[in-house]
Amino acid sequence: SSGGLYPFASLILSLSVEVTHYSIIYAILPPLFTVNKHKPWIEASYHGVITENMDTVLLDPPLVALDKDAPVPYAGEICAFKINGDDAPFEAVVLNRTSGEGVLRASSPVDCESQKEYTFIIQAYDCGAGPSGANWKKSHKAVVHIQVDDVNEFSPIFRESLYKASITEGKIYDSILQVEAWDQDCSPQYSQICNYEIVTAGTPFAIDRNGNIRNTERLSYDKQQSYKIMVTAFDCGQKRAKEDVVVHIEVKPVCKPGWQGWNKRVDYEPGTGSKQLFPKMHLETCGGPLSGVKAMVELQTNHIGKGCDRETYSEKSLQKLCGAASGSTDLLPAPSPSTNWTAALLMDSGRDSDLIYRFDGRQAANVPDHVVPQNLTDQFTIATWMKHGPSPGLRAEKETLLCSSDKTEMNRHHYSLYVHNCRLVFLLRRDFTQLDTFRPAEFHWKLEQICDKEWHYYVINVEFPAVTLFVDGVTYEPYLVTDDWPIHASKIDTQLTVGACWQGGEVATPRFTQYFRGSLSGLTIRPGRIETQKVISCLQACKEGLDINSLESLAKDIKFHFNPAQSVLVVEGEDVDSINTAMTKVSYINSRQFPTPGLRRLHITTTVQCFGEDTCLSIPDIKAVVMVLPPSEPRITIAGSNRLVRPASDLRGPLGVAPFKELHITSTVMKGDGFGGREWAVLDALTRRPGVMEVMHNLDYCDVLVIGEELNPDRESLEIQHSALLGKHLDATNSTSGISIYGVDSMAHYEQALRQVRYRNWRPANLSERRFRLTCSELNGRYTSNEFNLEVSVLHHSAPVEHANHMAVQPQYMRPVHHPLMISFIKRSAPPAATVVIVVCIAALVVIVVIGVYRIHATHQEGSREDEDEVKDAEEEWDNSALTITVNPMEALGDEVRQEEHEEEEEEEEEELVGGVTSVESENSDEEEDDDEGREAAKERKQKGKLGWDSSSITY
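One numbering rule holds for all chains: residues counted from 1, following each sequence as written. Where totals are concerned, whole chains, interfaces and linings use all residues; where local detail is concerned, this predicted model gives features only for residues with pLDDT of at least 70, and gives and counts side-chain atom pairs only at 80 or more. Side-chain calculation: all heavy atoms of the structure are included, whereas hydrogens and water are not.

## Re the nonpolar core
Move 1: The criterion is simple. A nonpolar core is a set of buried Ala, Val, Leu, Ile, Met, Phe, Trp, Tyr and Cys residues joined through side-chain atoms within 4.5 Å. Between buried and exposed lies partly exposed: a residue is buried under 20% and exposed over 50% of the maximum accessible area for its type, with that area taken using a 1.4 Å probe on protein chains only. Grouped together as the largest cluster of nonpolar side chains are 53 residues, with contacts concentrated most on Phe660, Ile665, Leu754 and Leu774.
Move 2: Any pair of residues with heavy atoms lying within 4.5 Å of one another is described as a contacting pair. Those residues in contact with phenylalanine 660, other than ones at most four positions away along the chain, are Val704, Leu754, Arg755, Val757, Phe772, Leu774, Phe788 and Leu790.
Move 3: Within the second largest apolar cluster, 41 residues are counted, among which are Leu345, Tyr357, Leu428 and Leu520.

Next up, the structure:
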């Protein structure tokens, strides 16, 4: 044959005998030898599954085409799969031409709701006899059946947007009404509704899987006239309805004695005083004659704070506010670097700023020796808040609140307060040095309050040998007093423990015993004094309770009385109308400026008497709630100068420096439309925007902390004079970490006290600055201020400098002047144009006056200085640290050069003044460099006369 390759054909054939794979032969042979003899082969039918909104089809069997011409190129390869049917949204793609593998996929989104199944024809095509694809062959037709799997993409939808029904009170219904939902999904699994559910919690209704709603209890019109419940539906794929449906069920009344016209919830806004609870309530008696009605209204606040809404200041602040004697020791303070023995105890953070410790029988704390009062004397007071329940077991162990025992060697209890079998016991063992006779040692009280799981305030007044217990301000004498011998004197130290008793002797390893189980708060001990009844009542007084408005408007036959806490009110009368009027006057009041928000439950029980009978009608009890809305949270802001620069001599002075001399404390709240009185309403109506209103309230502590190294008592102190606290409800404690001023008092008094805080350093040689951080609090940390940081910088080398013109030179140690500003309302809007014009005019007038005075004074100074220059020698040195002298450029040569040099020197000196430190060495070097220029300037002044001042270079 012709061509250069064909002579090698015989060689290739001989080599192919030893080669097992024929593909090598066809790769070398030219296309002329390729012949497409066979057509491709595929399966007769295929079954596939595709998930809607997906593109991958799972075929069984897999899509594979075979050709007997393989491995001949082109003829033995599969080039395409073709689908017959224009409406089939699928396409077949060849993955491997040699192996014939292919894949079937969706060419457009497949939706089960539109079509669940697809059937179409598919064929395979080889690549023909050559690269051009000529003489291609196709396989037989195969049937492909595709099933679309449903996806739970649709949520159930209710057929009605609102369902209504009515029932008669007192009846149980099998079905009140039926709700129905449907689903758009295509499959039975996802299109059927399998469950209905009532979303609204606490309703007396139930619903079955068919949507039938029934009542689970007999409904009362007096209790609630209508119910609004939300119902949802779930399909069998547990997909919830997109929107819940509202069901209104109206309760029709049947005449039944009871209270009517009252609301289950009453909202109380803080600061509104007394609010009526039942302004439209009346008693329905169904026409029966009555001889008397007695109603008891109970306000249940046990879940709020420690039994009710009380002031949540710290124990020390409360004692000072109530006028208690000073000298008490707080044994359960908030954890801090100086009071770290409570850090490991469990705190109940669920209370609103109340400091509550919870003991579970495994925690206790040893009080440091320096905190424990060393001599209790014959008169002292122990006070605490306690919540305690019954102890587990038949023979309960002692649960110790407070215990003073031997630290080592022995196991003697000197005094302790513990609970045993719901009895409160106080143990007091005197020393032989004080007594040597058989004296009272244990005092027992058996009270229901000890194990009722409620908060109570316990105060033990000791006037040895008499001991008196106060519980919530009520006096209780011990039912049992046992005597014992005094303790022998020894040199063994004692250990005061809270939450258990310390056993340091008679055991191999010292440990805690007699753990307490309950909650404690405000545990204090005061030696040398007992608490008065007035102070005890003040410390445990509730700030919320029931009240009656307009007592004078009540009928004469109405009798009422409150319990001491004003949480229970009893109203009695003979006439129903008089009782109705009295009940509409019952109010709720909360005197706290920032009350604890949340629910307060109301419970009303009523007893009705008929003529000649004890009771004739049964009046259902009423249960309602008072919702105390959250108060507007105040934003406490501390403002003032953040940096104080003082020479070292001031710090060494007897009074030192006052870092917070220019301090200001303000508090603001955000308010919306129409709040805050008539003035605020007018401003708000003009702007239609919420604003900021300044409010006045108390603070309970301000802490000044030292940032960095603690104070060194050998060379510095941070303190406040006791006279600065006189006439205020304030006290102060200081340490090397800073100073704390505490007590419930106004922001103005705290401002005055903080301005009197003095910092002294009698050896400030190595001190460059001291940093302090001030924070203030209201309600024991419930509201805190910003962190105000202050730096006190010390000047060590500040030599006095003589200035040519004192009017133009700023004093070296200038104190910032703050003018008092009274702000009632701060609106976040631009100031009026008239205000801007007035301020600009006043500023311009002030500048003109200052310039005039300055020019007059400068002229006088220059006139006197000319005479002095005639007698002074030419070596006089000028201090130009803060002056700009402009010489007429027409009168001297080279003045431009000297002026530029002078301006550069002035800029350098101004930078030194801004930095706050003036170096004597730098001044001396500047004077030497400008010595010649100063002499030339003096000569020119003698020749030219008075110089002209360039006011443009003076900075005011």
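## A closer look at the sheet that holds strand β19 (residues 274-276)
Move 1: Strand order in the open sheet made by the three strands is β19-β42-β39, with antiparallel pairing throughout. Both outer strands of the open sheet, β19 and β39 (544-548), are each paired with one neighbouring strand and no more. Between one strand axis and the next, the sheet turns by 35 degrees as a mean value, whatever way the strands run.
Move 2: Of the strand pairs in this sheet, β19 and strand β42 (residues 586-590) are connected by three bridges, and their pairing is antiparallel. Among the inter-strand pairings, serine 274 is bridged to a residue of β42, identified as isoleucine 589. Any two strands are treated as partners once DSSP identifies two or more bridges connecting them. Strands here are runs of E lasting at least two residues and helices are runs of H or I lasting at least four, both read from the DSSP assignment and numbered beginning at the N terminus. Angles run from 0 to 180 degrees between N-to-C directions of axes, and those axes are lines fitted to C-alpha atoms, restricted for helices to the stretch in contact.

## A look at the layout of surface pockets
Move 1: Definitions used for this entry: grid spacing 1 Å over protein atoms alone; cavity, a set of points where a 1.4 Å probe fits but cannot get out; pocket, an open set with protein on both sides within 12 Å along at least 5 of 7 lines; lining residue, one with an atom within 4 Å of a point. Grid points are joined across faces, edges and corners, and a volume is the space filled by probe spheres set on the points. In this structure, the second largest pocket spans a volume of roughly 1,400 Å³.
Move 2: Taken together, 46 residues line the second largest pocket, and the ones lying closest to its centre are Ala334, Ser336, Ser338, Thr339 and Ser740.
Move 3: The set of elements that each furnish at least two residues to the lining of the second largest pocket consists of α4 (315-321), β22 (329-330), β38 (517-527), β49 (698-707), β51 (731-735) and β52 (738-746).
Move 4: Top contributing element to the lining of the second largest pocket by residue count: β49, with five residues.
Move 5: Residues are grouped as follows: Ala, Val, Leu, Ile, Met, Phe, Trp, Tyr, Cys and Pro are nonpolar; Asp, Glu, Lys and Arg are charged; every other residue, Gly included, is polar. Classifying every residue of the lining of the second largest pocket by side-chain character gives 16 nonpolar, 21 polar and nine charged.

## So, the packing of aromatic side chains
Move 1: Only Phe, Tyr and Trp rings take part, Trp by its six-membered ring, and two of them pair if their centres are within 6.5 Å. Stacked means planes under 30 degrees apart, edge-to-face means over 60, and tilted covers everything else. Tallied over the full model, the rule gives 16 aromatic pairs.
Move 2: Between tyrosine 268 and tyrosine 588 the ring centres are 4.9 Å apart and the planes differ by 90 degrees, which places this aromatic pair in the edge-to-face class. Of this pair, tyrosine 268 sits in strand β18 (residues 265-268) while tyrosine 588 sits in strand β42, and the two are 320 residues apart along the sequence. One exposure class covers both tyrosine 268 and tyrosine 588, and it is buried.
Move 3: Taken together, the ring pairs in this structure connect Phe90, Tyr118 and Phe120 into an aromatic cluster.
Move 4: Two limits define a charge over a ring: the Lys NZ or Arg CZ must be within 6 Å of the ring centre, and within 35 degrees of the ring normal. The cationic tip of lysine 82 hangs over the ring face of tyrosine 125; the distance from NZ or CZ to the ring centre is 4.6 Å.

## Topic: the state of the cysteines
Move 1: Pairs of cysteine sulfur atoms within 2.5 Å are identified as disulfides in what follows. A complete count under the given rule lists eight disulfides for this structure.
Move 2: A disulfide bridge connects cysteine 112 with cysteine 186, and the sulfur atoms are separated by 1.7 Å. Between cysteine 112 and cysteine 186 the disulfide shows an S-S torsion of about 95 degrees. By sign, it is right-handed. Within this pair, whereas cysteine 112 is found in the loop between β5 (101-106) and β6 (117-126), its partner cysteine 186 is found in the loop between β11 (181-182) and α3 (188-191), the two being separated by 74 residues in sequence.
Move 3: Residue classification places cysteine 112 among the buried residues on the basis of a relative accessible area of 2%.
Move 4: Assessed through its relative accessible area of 12%, cysteine 186 is described here as buried.
Move 5: Covalently, cysteine 422 is tied to cysteine 451 through a disulfide, its sulfur atoms 2.1 Å apart. Here the disulfide of cysteine 422 and cysteine 451 is left-handed, its torsion about the S-S bond being about -110 degrees. Of this pair, cysteine 422 sits in the loop between β28 (413-420) and β29 (423-428) while cysteine 451 sits in the loop between β30 (439-446) and β31 (455-463), and the two are 29 residues apart along the sequence.

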